[in-house]
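The lines below spell out each chain.
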Amino acid sequence: MDKFNEVCRLHSGKDSLGGASFFRTRKQGDKLIGSFLTATPDQFKAEIAKNPNFKLISVERVTPKMFLAHEAARQESL
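Thresholds, definitions, all that
- Residues numbered from 1 in each chain as written.
- Predicted model: local features only at pLDDT ≥ 70, side-chain atom pairs only at ≥ 80, totals over all residues.
- Heavy atoms only, no water.
- Helix = DSSP H or I, 4+ residues; strand = E, 2+ residues; numbered from the N terminus.
- pLDDT = per-residue confidence, 0-100.
- Salt bridge = Lys/Arg side-chain N within 4 Å of Asp/Glu carboxyl O.
- Buried < 20%, exposed > 50% of the residue type's maximum accessible area, 1.4 Å probe, protein only.

Draft legend 1. Inspection of the environment of I57 at higher detail. Residue placement: I57 occurs in the loop between α2 (41–48) and α3 (64–72). Taking the C-alpha atoms as reference, I57 lies 9.8 Å from S35; in sequence the two are 22 residues apart.

Draft legend 2. Highlighting the confidence of the model for the protein chain. A residue-level look at the protein chain finds 73% of positions with pLDDT of 70 or above and a mean pLDDT of 78. Within the protein chain, the lowest mean pLDDT, 68, falls on helix α1 (residues 2–7), and the highest, 84, falls on α2.

Draft legend 3. Expanded view of the pattern of salt bridges. In total, this model carries two salt bridges according to the counting rule given. We note a salt bridge from K45 to D42, for which the minimum N-O separation is 3.7 Å. On the criterion of helical spacing, the pair formed by K45 and D42 is a turn pair, its members being three residues apart in helix α2. For E47, the salt bridge goes to K50, with nearest N and O atoms at 3.0 Å. Taking relative accessible area as the criterion, K50 reaches 52% and is therefore assigned exposed.

What follows is the structure, encoded as structure tokens:
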């Protein structure tokens, strides 16, 4: 998260989703995949592109079911 914050200045909104909210991580093989919910996907993509160590895999419109699953997910680490 520290590396992300070095290049990305998007954060949760005070009363809204904001630019980068509900951060979660999950293991996928030997990699750690980070997930965010954002109200500003174009700005989020531009911020991620600033650091070559990050790779944006996908951007999806979130359904209520996906939100609940994301919120309930536990953080994983390597």
